[in-house]
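Here are the chains, one letter per residue:
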Amino acid sequence: MRVTRAYAAVLAGALLLAACSDSPAAQPPSPTSSATDTATSSTTDTGTDTEAEPTPQGNELPVEVSVADAGGESIEAGPHNDFAIAAAGGIWVTGVPPGLVRYAAATGEITHRIHLASAVVQALDATPGRVWVTGLEPNLLLVFDDRTGDLVDRVELPAPPVPESSVAADEAVAWVLVDRDRPRILRVDTASGDLKALPTPDEPSALRYGWGSLWVTTTDGVQRLDPDTGRVLSHADTGVVPSFLTFAYGAAWVLDQVDGTVFRVDAATDEVSAIPTSDQVVNGGDIAASDGFVWSRTWTGVTVVDAASGRAVARIGTGGGSGSVAAADGWLWITDHDHSLVHRVPWPPE
């Protein structure tokens, strides 16, 4: 996954401002200090601001180990492997010929190859029994059976999906960010075929559904929307360039591309805590969660966060480059777009 054009501008501006200022307050988020030393705030639809103390953290990240040293293996998967999602014991990866493949998570074998006429430019989503994929040119929402790989739904979209975003889904409904020039969220009911445009926050990036809400990252943080009307329910500050997010363990987990900080937004209270997961800018990145862990895909590899303690407990390096992350059946999978590889690592370590 690569950084978007709009977010690249925001990122460059943030770093330029920091570089040109002598004021400590204008310095860029330090990989070892600012994410944990500064309280973050959230606002609900009552209009009040609340201060939230970040989860206590040490400043040092775990020592990074290679895929080989972690007991893993690397699989050739060119030329454009990118987005990954775990579903029903499989890891679905885009950009592997003929377009979309399903690997058995436990063995690494390819079980299904699916030809796609469209380019996949958004992160996938998975719901029980289903994998959700958006395609560009032709502009489509595709829904596959997560075990057989059969196509179960196909909806034509009225505008192109926005690259480097993510589709969100729940049961028979999906939400898709379309039209990069005039971004808007489409609510797509695959059962009825109804499409409805929702009020959309300024400069949206990625979408996920959780706890009855639609969560949207923007350059102003993460906004929680009513999934049927688009009404803003709450807002939380989540770094300078919040991008991809996942929902698990009663919270939204948001990756900030400026320094790889992961922000946890509690779904019940909107309390925000910050967890450092990288020591450099994240160009693209991704985030996923399973088995009590949150997986932060940074520029150098994956940082493993223990969800209960909110602490980074391991780092697995891939040599640098963009990609995605997913985990299932005791294996962590890391796509490595820049090296045309997919890595798989046993987790917990053997």
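Novice: I'm lost on the side chain of His-343 in this one. Help?
Specialist: Here His-343 lies in strand 33 (residues 341–346). Assessed through its relative accessible area of 4%, His-343 is described here as buried. Apart from residues no more than four positions distant in its own chain, His-343 is found in contact with Val-67, Glu-73, Ser-74, Thr-318, Leu-332, Trp-333, Ile-334 and Asp-336.

Novice: What is the right way to look at unusual backbone geometry in this model?
Specialist: Across residues other than glycine, the phi torsion is negative in most instances, and most of the peptide bonds are trans. Following Glu-137, the chain continues into Pro-138 via a peptide bond in cis, with omega recorded as 0 degrees. Secondary-structure assignment places Pro-138 in the loop between strand 11 (130–135) and strand 12 (140–145). Cis geometry marks the peptide bond from Trp-347 to Pro-348; its omega dihedral reads 0 degrees. Within the secondary structure, Pro-348 sits in the segment after strand 33. With a phi close to 55 degrees, Glu-171 is a non-glycine residue in the positive phi region. On the secondary structure map, Glu-171 appears in the loop between strand 15 (168–170) and strand 16 (173–178). For Tyr-249, which is not glycine, the phi torsion reads 55 degrees and is therefore positive. Residue placement: Tyr-249 occurs in the loop between strand 23 (242–248) and strand 24 (251–256).

Novice: Mind showing me how you'd approach the sheet that holds strand 25 (residues 262–266) here?
Specialist: Sheet strands pair by backbone hydrogen bonding; their relative direction is either parallel or antiparallel. The strand order 23-24-25-26 describes an open sheet built from four strands, whose pairing is antiparallel. Looking along the sheet, the strands with just one partner apiece sit at the ends: strand 23 and strand 26 (272–275). Strand-to-strand, the axes of this sheet are offset by a mean angle of 25 degrees, without reference to chain direction. Here strand 25 pairs with strand 26 via four bridges, running antiparallel. What sits directly across from Phe-263, in strand 26, is Ala-274.

Novice: Which parts of the structure should I look at to understand the sheet that holds strand 13 (residues 151–156)?
Specialist: Overall, antiparallel pairing links the four strands, which are arranged 10-11-12-13 in an open sheet. What marks the edges here is a single partner per strand, and that holds for strand 10 (125–127) and strand 13. Adjacent strand axes in the sheet meet at a mean angle of 20 degrees, parallel and antiparallel pairs treated alike. Pairing between strand 11 and strand 12: six bridges, direction antiparallel. When the sheet's bridge partners are listed, Arg-130 is paired in strand 12 with Asp-145.

Novice: So what exactly am I meant to see when it comes to the layout of surface pockets here?
Specialist: To locate leftover empty space, one rolls a probe as large as a water molecule over the atoms. In this structure, the largest pocket occupies an estimated 570 Å³ of space. If you go around the largest pocket, you meet 33 residues; those closest to its centre are Ile-85, Asp-125, Ala-126, Thr-246 and Ala-289. For the lining of the largest pocket, a count of residues per class yields 22 nonpolar, six polar and five charged.

Novice: What is the right way to read the pairing of strand 23 from this model?
Specialist: In regular strands, side chains alternate between the two faces of the sheet. Of all seven residues that make up strand 23, six are buried, and the element is covered over most of its length. The pairing of strand 23 with strand 24 spans five bridges and is classified as antiparallel. Across the sheet, the residue bridging to Phe-247 is Ala-252, located in strand 24.

Novice: Looking at this structure, how should I read the pairing of strand 18 (residues 195–198)?
Specialist: In the sheet, strand 17 (residues 184–189) pairs with strand 18 via four bridges, with the strands oriented antiparallel. The residue bridging Val-188 from the neighbouring strand is Leu-195, located in strand 18. A loop of five residues connects strand 17 with strand 18, the two strands running antiparallel in sequence, and Gly-193 in this loop sits at a positive phi of about 85 degrees.

Cut-offs used in this document
- Residues numbered from 1 in each chain as written.
- Predicted model: local features only at pLDDT ≥ 70, side-chain atom pairs only at ≥ 80, totals over all residues.
- Heavy atoms only, no water.
- Helix = DSSP H or I, 4+ residues; strand = E, 2+ residues; numbered from the N terminus.
- Buried < 20%, exposed > 50% of the residue type's maximum accessible area, 1.4 Å probe, protein only.
- Contact = heavy atoms within 4.5 Å.
- Pairing = 2+ DSSP bridges.
- Axes fitted to C-alpha atoms, helices over the stretch in contact; angles between N-to-C directions.
- 1 Å grid on protein atoms, 1.4 Å probe; cavity = no way out; pocket = protein on both sides within 12 Å on 5 of 7 lines; lining within 4 Å.
- Points joined across faces, edges and corners; volume = space filled by probe spheres on them.
- Nonpolar A, V, L, I, M, F, W, Y, C, P; charged D, E, K, R; others polar.

Take it as geometry only, folks, not as evidence of what the structure does.
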